[in-house]
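What follows is the residue order along each chain.
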Amino acid sequence: MSTSGTTVPATGRSTVRSGVAATARGGWWGFLGSTVNAVFGYVLVTLVTRGLGAYGAGAVFTGVAAFTILCNACKLGADTGLVRFVPGDLAITGGRKVGALLRSAVVPGALASTTAAALLFLSPRTATALLPSLAPGDAVTLVRLFAVFLPLATVTLILLGATQGHGTVIPYVGVEQIGKPVLRVLIAVPVLLLAPGVLSLAAAWLVPSLAGFLFAWIALRRCRRRSTEPVCVRETAVREIAATRRGFWAFAAPRAISSVFDISAVWLGVVLLSSLATSEEAGIYTAVARVVIAATLLQLAIRLAVAPEISRLLALGDLAQAAHLHRVSTRWIVLFSWPLLALLTSFPGTVLSLFGPEFEQGASALVLLCIASAVNVGVGNAQTVLLMAGKSTWHLAVTGVAFAVQLTVGFLAIPRLGVLGAALSWGAATVVENVVAAVLVRRHPGFVFIDGGYLLATAVALCLTVPLVVTGRLLAGDTAVGIAAAITMGLCAFGIGLWRFRTALGVHELVGVLRERTP
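To start, this report covers the structure provided alongside it.

For the rest of this paragraph, the subject is a positive patch on the surface. Taken together, the side chains of Arg221, Arg222, Arg225 and Arg226 define a basic patch exposed on the protein surface. Looking at the secondary structure, you find Arg226 in helix α8 (residues 208–227).

This is the structure in structure tokens:
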């Protein structure tokens with residue numbers, strides 16, 4: 001089954017198949033959600049940028065950036081902690097300590113986010129410093145509007161982390177990747193027609209958070225009814241729960257900091273451009289970042305599904321099966337992500353022109369970030385493996401170094417290069433973070449992702465498609481005709497390679513799971 005030369009024990013093959021099937025099934029849901037998220041996120045950015053221009057869009061998305069960073073800071077790493085601890089507890093004890101884990105996760109997150117929201121209300125100078133281009137009154141109102149929804153959004157992310165720990169990605173996909181993006185567009189359209197403005201569109205972005213919280217809470221209740229067994233032997237449980245809480249926060253505390261670094265990597269460029277350059281450049285960079293994130297959507301989809309499976313396998317001591325799952329999932333990510341990144345690198349101007357002619361200025365930034373993203377997807381979900389193995393301190397060190405690189409390069413490059421400088425800082429941090437994470441993952445026996453299947457995926461993803469994509473660019477230029485020709489020729493070659501090597505690439509497992517009944 002493995003093409004790496006590492007033999008999977010016969011007694012563990014059913015576990016491997018189960019883990020691969022669960023990852024494939026969750027990956028399909030994640031891919032669907034990521035696709036919807038990318039499409040509707042793209043539509044929303046287009047609506048906002050065309051309705052307000054790059055200047056107004058920059059103000060809105062600067063607020064979104066600060067809000068997103070604060071949400072990820074205030075959840076204190078508890079969502080990842082639940083993904084790490086809940087699967088192991090369900091596998092070993094039947095879920096006796098899940099309730100205590102939830103209380104340990106939700107209460108501190110709710111208190112932290114409420115405190116942060118109160119501070120935003122009482123500090124108007126923060127708003128004017130963050131949004132210097134807006135009138136002071138509008139800046140304060142905008143920041144306070146985001147503060148109202150901060151506790152709700154933070155607790156929602158923690159609850160969704162618990163549902164992932166129960167082995168399902170559907171609630172997360174339904175809330176964060178489908179529900180909120182779709183509702184935001186549906187609300188933004190009439191707002192643009194009736195009352196376009198920075199504050200009204202920011203409200204359109206925030207209001208779906210309420211529905212997301214309600215759905216996440218209901219979904220978690222249903223997961224617990226299906227999975228959790230009643231607690232027995234009260235005295236023993238109390239001691240076990242106390243130890244579990246200490247272990248939980250020993251893991252979650254470093255993750256609380258690294259999660260801020262993670263999300264800041266996406267939004268830091270927007271904030272720095274708004275402060276050091278102009279809101280117009282912040283709006284352009286937001287569009288570029290949206291395209292890059294969409295190009296790596298499969299990696300996110302696989303990450304959502306593979307994290308609880310690797311955590312469960314490691315909790316059971318099945319190191320070989322966990323390593324095999326990492327290799328197979330990395331193969332899938334490389335196979336489907338690299339051709340798309342090659343396409344975006346060849347036609348950056350055409351892609352960005354969909355946001356408006358002024359956004360074509362970000363073409364060079366998009367090329368640079370696509371190259372950095374190729375390194376990101378090339379190592380698979382190495383950072384997820386570190387976290388699910390309990391190495392949150394290692395992950396903190398990795399993300400801390402990457403954040404320092406991004407911040408340093410950003411302060412030096414953004415005043416001179418603008419959008420390109422922001423892309424340079426994020427790209428450098430991405431390469432550093434993923435290369436170091438891949439090296440650290442190799443310290444675990446068997447976690448070597450480059451094998452025969454990986455090399456074959458690379459050949460199919462690049463050697464069969466890139467020449468045809470480049471040919472389309474050379475013949476028709478960075479135009480709509482050129483990208484259409486490149487997609488047509490590339491898909492034909494890619495499809496043939498996919499069919500010819502479907503077994504060695506593990507594609508038959510990814511597709512075959514759709515024919516199985518979900519257990």
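For the rest of this paragraph, the subject is the side chain of Thr68. Looking at the secondary structure, you find Thr68 in helix α1 (residues 13–74). Sequence-distant contacts of Thr68, that is, excluding residues within four places in its chain, are made with Trp205, Ile263 and Trp267.

This part takes up the side chain of Ser392. Relative to the elements of secondary structure, Ser392 occurs in helix α16 (residues 392–417). The residues touching Ser392, leaving out its near neighbours within four places in the chain, are Ala250, Phe251, Pro254, Arg255 and Leu387.

Right, let's talk about the pattern of salt bridges for a bit. In this structure the tally under the stated criterion is 4 salt bridges. The closest approach of N and O atoms between Asp262 and Arg255, which form a salt bridge, is 2.8 Å. We classify Asp262 as partly exposed; its relative accessible area is 24%.

Moving on to the packing of helix α12 (residues 319–346) against helix α18 (residues 452–463). Put simply, α12 and α18 touch, their axes get as near as 8 Å, and they point 15° apart. Comparing the axis directions of α12 and α18 gives the class roughly parallel. Here the hand of the crossing between α12 and α18 comes out right-handed. The residues of α18 that touch α12, namely those facing Thr330, Arg331, Val334, Leu335, Trp338 and Pro339, are Gly453, Tyr454, Ala457, Thr458, Val460, Ala461 and Leu462. Partitioning the contact of α12 with α18 into residue classes produces 9 nonpolar, 3 polar and 1 charged.

The relative placement of two packed helices is expressed as an angle between their axes plus a distance between the axes. Between helix α5 (residues 136–165) and helix α7 (residues 198–206), whose axes approach to 10 Å, the crossing angle comes to 10°. Taken as axis vectors, α5 and α7 run roughly parallel relative to one another. Between α5, through Asp138, Thr141, Leu142, Leu145, Phe146 and Phe149, and α7, the contact on the second element is made entirely by Val198, Leu199, Ala202, Ala203, Trp205 and Leu206. Residues that form the contact of α5 with α7 fall into these classes: 10 nonpolar, 1 polar and 1 charged.

A few words now on the environment of Phe213. Position of Phe213 relative to the elements: it lies in helix α8. For the pair Phe213 and Leu152, spaced 61 residues apart in sequence, the C-alpha separation works out to 6.6 Å. With near-sequence residues (within four places) excluded, Phe213 lies in contact with Leu152, Val155, Thr156 and Leu159.

Among the surface-exposed residues, Trp29, Leu32 and Ile170 lie close enough to one another that they form a single nonpolar patch of about 270 Å² accessible area. Residue classification places Leu32 among the partly exposed residues on the basis of a relative accessible area of 42%.

This paragraph deals with unusual backbone geometry. One non-glycine residue with positive phi stands out, namely Leu76, at about 60°. Following the sequence through the fold, Leu76 ends up in the loop between α1 and α2 (78–93). The partly exposed category is assigned to Leu76, whose relative accessible area is 24%.

A few words now on the environment of Leu160. Within the secondary structure, Leu160 is located in helix α5. In this structure, the C-alpha to C-alpha distance between Leu160 and Phe215, residues 55 residues apart in sequence, is 9.5 Å. Once residues within four sequence positions are removed from consideration, Leu160 is found in contact with Pro171, Tyr172, Val175, Glu176 and Ala216.

Rules and cut-offs
- Residues numbered from 1 in each chain as written.
- Predicted model: local features only at pLDDT ≥ 70, side-chain atom pairs only at ≥ 80, totals over all residues.
- Heavy atoms only, no water.
- Patch = residues over 30% accessible without salt bridge, like charges linked within 9 Å, V, L, I, M, F, W, Y side chains within 5 Å.
- Areas by Shrake-Rupley, 256 points an atom, 1.4 Å probe, with all protein chains shown as cover.
- Salt bridge = Lys/Arg side-chain N within 4 Å of Asp/Glu carboxyl O.
- Lys, Arg positive; Asp, Glu negative; His and termini not counted.
- Charge placed at Lys NZ, Arg CZ, Asp CG, Glu CD.
- Helix = DSSP H or I, 4+ residues; strand = E, 2+ residues; numbered from the N terminus.
- Contact = heavy atoms within 4.5 Å.
- Buried < 20%, exposed > 50% of the residue type's maximum accessible area, 1.4 Å probe, protein only.
- Axes fitted to C-alpha atoms, helices over the stretch in contact; angles between N-to-C directions.
- Parallel < 35°, antiparallel > 145°, perpendicular 65-115°, else oblique.
- Left-handed = near helix turned anticlockwise from the far one by under 90°.
- Nonpolar A, V, L, I, M, F, W, Y, C, P; charged D, E, K, R; others polar.

Keep in mind these numbers describe shape, not what the thing actually does.
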